[in-house]
Amino acid sequence: MLAIVAAMHEELSALLATMPDEERVRVAGRDFWVGHLHGQPVVCVLSRIGKVAAATTAAILLERFDIEALVFTGVAGGLGDHVQVGDVVVATRLLQHDLDASPIFPKYEVPLTGHARFAADTALSDGLAQVARECLADPVALVGAAASRRFGIHEPRVHRGLLISGDRFVSTELESRMLRDALPDALAVEMEGAAVAQVCHDFKVPFAAVRTISDRADDSAHADFMSFVAGVASRYSLAIVGGWLALGRHGLEHRSSKI
Ligand code: ADE
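Structure report, in brief. Numbering of residues starts from 1 in every chain and runs along the sequence as written. Given that the model is predicted, a residue must reach a pLDDT of at least 70 before its local features are reported, and side-chain atom pairs must reach 80 or more before they are shown or counted; all residues, however, enter totals for whole chains, interfaces and linings. Remark: hydrogens and water are excluded; side-chain values derive from all non-hydrogen atoms of the structure.

As a structural note, the neighbourhood of the ligand is formed by 13 residues, with Gly77, Phe169, Val170, Glu190 and Asp215 the closest of them. Between glycine 77 and the ligand, the recorded distance is 3.2 Å, taken from a backbone N or O atom to a nitrogen atom. Each polar contact in these results corresponds to two N or O atoms within 3.5 Å; when the atoms are within protein, one needs to be able to donate a hydrogen and the other to accept it, and residues that are neighboring in sequence are counted only if both atoms are side-chain atoms. Aspartate 215 is positioned such that a nitrogen or oxygen atom in its side chain is 2.6 Å from a nitrogen atom of the ligand. Accessible areas in this description were obtained via Shrake-Rupley with a 1.4 Å probe; residue shielding takes into account the shown protein chains only. Bound to the protein, the ligand loses 97% of the 260 Å² it would expose on its own. Looking at the shell around the ligand, the elements that each hand over two or more residues are strand E5 (69-78), strand E9 (186-190) and strand E10 (207-215). Take the shell around the ligand: its biggest share by element is three residues, from E5. One heavy atom within 4 Å of a molecule or strand makes the whole residue count as near it. Secondary structure elements follow DSSP: runs of H or I no shorter than four residues count as helices, runs of E no shorter than two count as strands, and numbering proceeds from the N terminus.

Take a look at the structure:
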């Protein structure tokens, strides 16, 4: 089955509401909702916020359930120059920006793995990016006229590239600039994705992350994040992840169940 994970309720609530037959399995204080979405067997779970919470959730998922692929969805702060509120980032690689065991290991490298940037699965990511492009073609249909006006979502775009994660909500222009200077190819920042990518790498399970930009990780990030998450984040997850699930077999059928 497929695992669908988000950090917060607001990021997954609309999709969860469309599960007709969910059964709750409670482990370590998390509710794992097992059932079907668009006829696909799935387990949906809220990881909670931050790298440890997300890694714990991912490890439970991969150990307790028969997961063939894991998709993380939710919001992120835009870092790249052209990455605006209402855009979508589909990760190609993920890195923990607050991991630094130098000089013993290179900065950002997860010690003893030889990796700093963990790759997302290409077939999963291609499918999600394609559906995201279709959803963003009509932002008014996606979020409604009022929200599209309020958040300035007029010609939203899909970006693909580096997503960075750390245990910090980035909410000052200064910190955003420091991250952009240190990692110029980073498109967006959030607090879970790279940790889950690392767990999926360990378990050899394909992983993808699709994030809607809620704020610009700057001095107004806090207010922008709160209203975006409350107002529109779950509509994006519903449209993109739901639309992708409705397509069927996700490009996983041409290979053995685990990479
Ligand atoms: N998720 C959404 N916006 C974020 C930000 N500015 N920093 C970290 N995680 C985020």
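Attention shifts here to the packing of aromatic side chains. Aromatic pairing here means that ring centres of Phe, Tyr or Trp (its six-membered ring) are within 6.5 Å. Orientation follows from the plane angle: under 30 degrees is stacked, over 60 is edge-to-face, and everything else is tilted. Counted according to the given criterion, the structure contains four aromatic pairs. Joined through ring pairs, the aromatic side chains of Phe151, Phe228 and Tyr236 make up one cluster.

On to the pattern of salt bridges. In what follows, salt bridge is the name for a side-chain nitrogen of Lys or Arg lying within 4 Å of a carboxyl oxygen of Asp or Glu. Taken as a whole, this structure holds nine salt bridges when the rule is applied. Taking the shortest distance from any N to any O, the salt bridge between arginine 117 and aspartate 185 comes out at 2.7 Å. One end of the pair, arginine 117, is in the loop between strand E6 (88-96) and strand E7 (118-119); the other, aspartate 185, is in the loop between helix H6 (173-182) and E9, with 68 residues separating them in the sequence. Think of it in three bands: residues with accessible area under 20% of the maximum for their type are buried, residues over 50% are exposed, and the middle band is partly exposed, with areas taken using a 1.4 Å probe on protein chains only. For aspartate 185, a relative accessible area of 37% translates into the label partly exposed. Between glutamate 175 and arginine 168 there is a salt bridge, with the nearest N and O atoms lying 2.4 Å from each other. Salt bridges linked by common partners bring Arg24, Arg26 and Asp31 together as one network.

Once that is clear, we can look at helix H9 (residues 233-247). By this rule, a helix spans an expected 1.5 Å times one less than how many residues it contains. Across its 15 residues, H9 extends 21 Å between first and last C-alpha, which sits within 8% of the 21 Å expected from 1.5 Å per residue. Along H9, the positions that sit buried rather than exposed are Ala233, Ser234, Tyr236, Ser237, Ile240, Val241, Gly242, Trp244 and Leu245. Immediately downstream of H9, the backbone of glycine 248 shows phi near 120°, a positive value.

Along helix H8 (residues 221-231), the residues classified as buried are Ala221, Phe225, Phe228 and Val229. Buried positions in H8, seen along its axis, are confined to an arc of 95° and lie on one side of it. Any two residues whose heavy atoms approach within 4.5 Å are treated as being in contact. Packing partners of the buried residues in H8 comprise helix H1 (9-16), E5, E10 and H9. An arc is given here, and it is the one of the directions from the helix axis to the C-beta atoms.

Quick look at the side chain of aspartate 87 now. Along the chain, aspartate 87 falls in the loop between E5 and E6. Under the counting rule used here, the positive set is Lys and Arg, the negative set is Asp and Glu, and His together with the chain ends is not counted. Of the side chains with opposite charge, arginine 157 lies nearest to the buried aspartate 87, which makes no salt bridge, at 5.6 Å. Looking at aspartate 87, its side chain comes within polar contact range of the side chain of histidine 159, at 2.8 Å. Apart from the residues within four sequence positions on either side, aspartate 87 is in contact with His82, Pro156, Arg157, His159, Arg211, Thr212 and Ile213.

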